[in-house]
Amino acid sequence: MDYFMNRSTLKEQAPDLGILAVQLSARVQREIFRRSAEHGFGDVRPRHGAVLAYLDVEGTRPGELARLAGRNKQTMGAILDELERLGYVRRTPDPADRRAKLIVPTDRGREFMELTDGIVDQIEQRLSDTLGAEQYQTFRSALGRGVAALPATGHDTEG
């Protein structure tokens, strides 16, 4: 790195992997949440994606959601409390183990999940159209391998 140039200028001109990853995530999230707000879901926040992106229609245990989202159980509990209060999920006994709970989407939660799945499909199609289908598939594959090559454990990145 050329320390005679401002670091901010260098990072803007040649962003590193961390910056590119954050920019990609932020732009995808902005589009998802802007468009979902246009459909009446203005109360959902990006942090809620830690649940709603992974939630199975038949329900998912909180610990599994925390693992999938890379969040600790305390953060996940706070997000679940918010989503329950907003009417997107409910806690129900797990039929396989009555001591355990399942997080199940409400009708509103399922509507949001269906809408955002469609929005993500449209974003991916736009990127595929921009890059070309083959290059986009190569990009997705490489990105997935890169993510898998880095540790998934560590400090929670939110909350």
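All figures in this text were calculated on a predicted structure; none of them were measured in a lab.

Asker: Summarise the pattern of salt bridges; cite the residues concerned and give the values.
Answerer: Considering all chains together, one arrives at 13 salt bridges under this definition. Residues participating in the shared-partner salt-bridge network are Glu31, Arg35 and Arg126.

Asker: Provide a residue-level description of the pairing of strand β2 (residues 97-105), including the pertinent values.
Answerer: Note that strand β1 (residues 89-94) and β2 share six bridges and pair antiparallel. Considered in β2, the bridge of Val89 is made with Pro105. Taking the residues that link successive antiparallel strands as the turn, the β1-β2 hairpin has two residues.

Asker: I'd like a rundown of the side chain of Thr92, residues and numbers included.
Answerer: Tracing the backbone shows Thr92 in strand β1. Beyond its immediate stretch of four places on either side in the chain, Thr92 contacts Ala100, Lys101, Leu102 and Val104.

Asker: Go over the nonpolar core, please, and point to the residues and values.
Answerer: Ranked by internal contacts, the top residues of the largest apolar core, which has 23 residues, are Val51, Leu52, Leu55, Met76 and Val89. Within the residue set of this core, elements represented by two or more residues are α2 (17-38), α3 (49-52), α4 (62-69), α5 (73-86) and α6 (107-131). No other element matches α6, which puts five residues into this core. When sequence neighbours within four positions are dropped, the list of residues in contact with Leu55 reads Thr60, Leu65, Val89, Ile103, Val104, Pro105 and Met113.

Asker: Talk me through the packing of α4 against α5; I want residue IDs and the actual numbers.
Answerer: Between α4 and α5, whose axes approach to 9 Å, the crossing angle comes to 110°. As judged from the angle between their axes, α4 and α5 are roughly perpendicular. Considering how the two elements wind past one another, α4 and α5 form a crossing that is right-handed. Two secondary-structure elements touch here, α4 through Pro62, Leu65, Ala66 and Ala69 and α5 through Lys73, Met76 and Leu80. Its residues assigned to classes, the contact of α4 with α5 shows six nonpolar, no polar and one charged.

Asker: Let's hear about the packing of aromatic side chains: which residues, and what values?
Answerer: According to the stated counting rule, one finds five aromatic pairs in the structure shown. Judged by centre distance (5.5 Å) and plane angle (70°), the ring pair of Phe41 and Phe112 falls under edge-to-face. With Phe41 in the loop between α2 and α3 and Phe112 in helix α6, this pair connects stretches of sequence that are 71 residues apart. Neither Phe41 nor Phe112 differs from the other in exposure class; each is buried. Through successive ring pairs, a cluster of aromatic residues spans Phe33, Phe41, Tyr88 and Phe112.

Asker: I'd like a rundown of a nonpolar patch on the surface, residues and numbers included.
Answerer: On the surface, a nonpolar cluster with roughly 400 Å² of combined accessible area is contributed by Leu24, Leu131, Phe139, Leu143 and Val147. Looking at which element gives the most residues to the nonpolar patch, the answer is helix α7 (residues 133-149), with three residues. In this structure, Val147 sits in helix α7.

Asker: Run through the packing of α2 against α6, naming residues and quoting values.
Answerer: In contact at an axis separation of 10 Å, α2 and α6 are set at 135° when each is read in the N-to-C sense. Considering the angle they form, α2 stands oblique to α6. The element α2 and its partner α6 pack so that their crossing is right-handed. Between α2 and α6, the residues in contact are Val28, Glu31, Ile32, Phe33, Arg35 and Ser36 and Phe112, Leu115, Thr116, Ile119, Val120, Gln122, Ile123 and Arg126, respectively. Across the contact of α2 with α6, the residue classes break down as eight nonpolar, three polar and three charged.

Asker: Describe the side chain of Asp94, naming the residues involved and giving the relevant values.
Answerer: Within the fold, Asp94 resides in strand β1. In this structure Asp94 comes out as buried when scored by relative accessible area, which is 7%. Every residue in contact with Asp94, bar those within four places of it in the chain, is listed here: Arg61, Ala100, Lys101 and Leu102.

The rules behind the values
- Residues numbered from 1 in each chain as written.
- Predicted model: local features only at pLDDT ≥ 70, side-chain atom pairs only at ≥ 80, totals over all residues.
- Heavy atoms only, no water.
- Salt bridge = Lys/Arg side-chain N within 4 Å of Asp/Glu carboxyl O.
- Pairing = 2+ DSSP bridges.
- Helix = DSSP H or I, 4+ residues; strand = E, 2+ residues; numbered from the N terminus.
- Contact = heavy atoms within 4.5 Å.
- Core = buried A, V, L, I, M, F, W, Y, C linked by side-chain atoms within 4.5 Å.
- Buried < 20%, exposed > 50% of the residue type's maximum accessible area, 1.4 Å probe, protein only.
- Axes fitted to C-alpha atoms, helices over the stretch in contact; angles between N-to-C directions.
- Parallel < 35°, antiparallel > 145°, perpendicular 65-115°, else oblique.
- Left-handed = near helix turned anticlockwise from the far one by under 90°.
- Nonpolar A, V, L, I, M, F, W, Y, C, P; charged D, E, K, R; others polar.
- Phe/Tyr/Trp six-rings, centres within 6.5 Å; stacked < 30°, edge-to-face > 60°.
- Patch = residues over 30% accessible without salt bridge, like charges linked within 9 Å, V, L, I, M, F, W, Y side chains within 5 Å.
- Areas by Shrake-Rupley, 256 points an atom, 1.4 Å probe, with all protein chains shown as cover.

Geometric values such as these leave the question of function open.
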